[in-house]
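Structure assessment
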Amino acid sequence: MTPIDPQALFQQVVLDHYRKPRNHGELARPTVSAAATNPFCGDRVALQLHLEGDRIEEVRFQGRGCSISQASASMLTVLLKGRTTGEARRLMERFALLVEGSEEAARDVELGDLRVLQGVHRFPARVRCARLPFEALESALEARHET
Ligand code: ZN
């Protein structure tokens with residue numbers, strides 16, 4: 001087997017999610033919604049969650065901007081479905097380590113397709129793009145706490 005070029009894998013996975021975003025659109029009755037913007041790149045990600053108790057039953061996102069921000073949002077929604085809010089917070093912590101360049105996080109299967117974003121630590125301006133959906137998630141979980 002030929003080894004997989006990490007750069008090629010990054011391109012392939014990011015472009016796939018960017019062109020065919022998963023869980024894209026709006027929920028009829030979201031429990032919480034939150035959006036985050038990145039003025040440096042013009043990116044925007046809006047996230048909607050439908051919660052049953054502590055469990056994320058459904059999730060949708062809408063947005064615009066660069067491929068990294070939109071692909072990251074798509075990958076995140078895939079992982080959020082069916083998780084508890086506590087698991088979602090843990091995912092946020094793992095992702096923060098990943099985009100700081102953690103090799104251990106890059107091998108963490110819990111992070112799913114998001115693992116390809118480990119490479120963004122070499123491009124500090126793009127780290128914010130990758131993090132944007134997580135900023136929206138954090139706001140959504142905080143809004144949930146206040147209700
Ligand atoms: Zn961006």
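Our subject is the structure that appears above.
Summarised in this report is the structure supplied together with it.

Regarding the packing of helix H3 (residues 85-99) against helix H5 (residues 124-146)
Where H3 meets H5, the closest approach of the two axes is 11 Å, and the angle between their N-to-C directions is 160 degrees. Taken together, the axis directions place H3 and H5 in an arrangement best described as roughly antiparallel. H5 is crossed by H3, and the crossing has left-handed handedness. Contact residues: Thr85, Ala88, Arg89, Leu91, Met92, Phe95, Ala96 and Val99 in H3; Val127, Ala130, Arg131, Phe134, Leu137, Glu138, Leu141 and Glu142 in H5.

What about the side chain of arginine 94?
Locating arginine 94 in the fold gives a position in helix H3. For arginine 94, a relative accessible area of 11% corresponds to the buried category. Residues in contact with arginine 94, not counting those within four places in the same chain, are Glu104, Ala105, Asp108 and Leu111.

Thresholds, definitions, all that
- Residues numbered from 1 in each chain as written.
- Predicted model: local features only at pLDDT ≥ 70, side-chain atom pairs only at ≥ 80, totals over all residues.
- Heavy atoms only, no water.
- Axes fitted to C-alpha atoms, helices over the stretch in contact; angles between N-to-C directions.
- Helix = DSSP H or I, 4+ residues; strand = E, 2+ residues; numbered from the N terminus.
- Parallel < 35°, antiparallel > 145°, perpendicular 65-115°, else oblique.
- Left-handed = near helix turned anticlockwise from the far one by under 90°.
- Contact = heavy atoms within 4.5 Å.
- Buried < 20%, exposed > 50% of the residue type's maximum accessible area, 1.4 Å probe, protein only.

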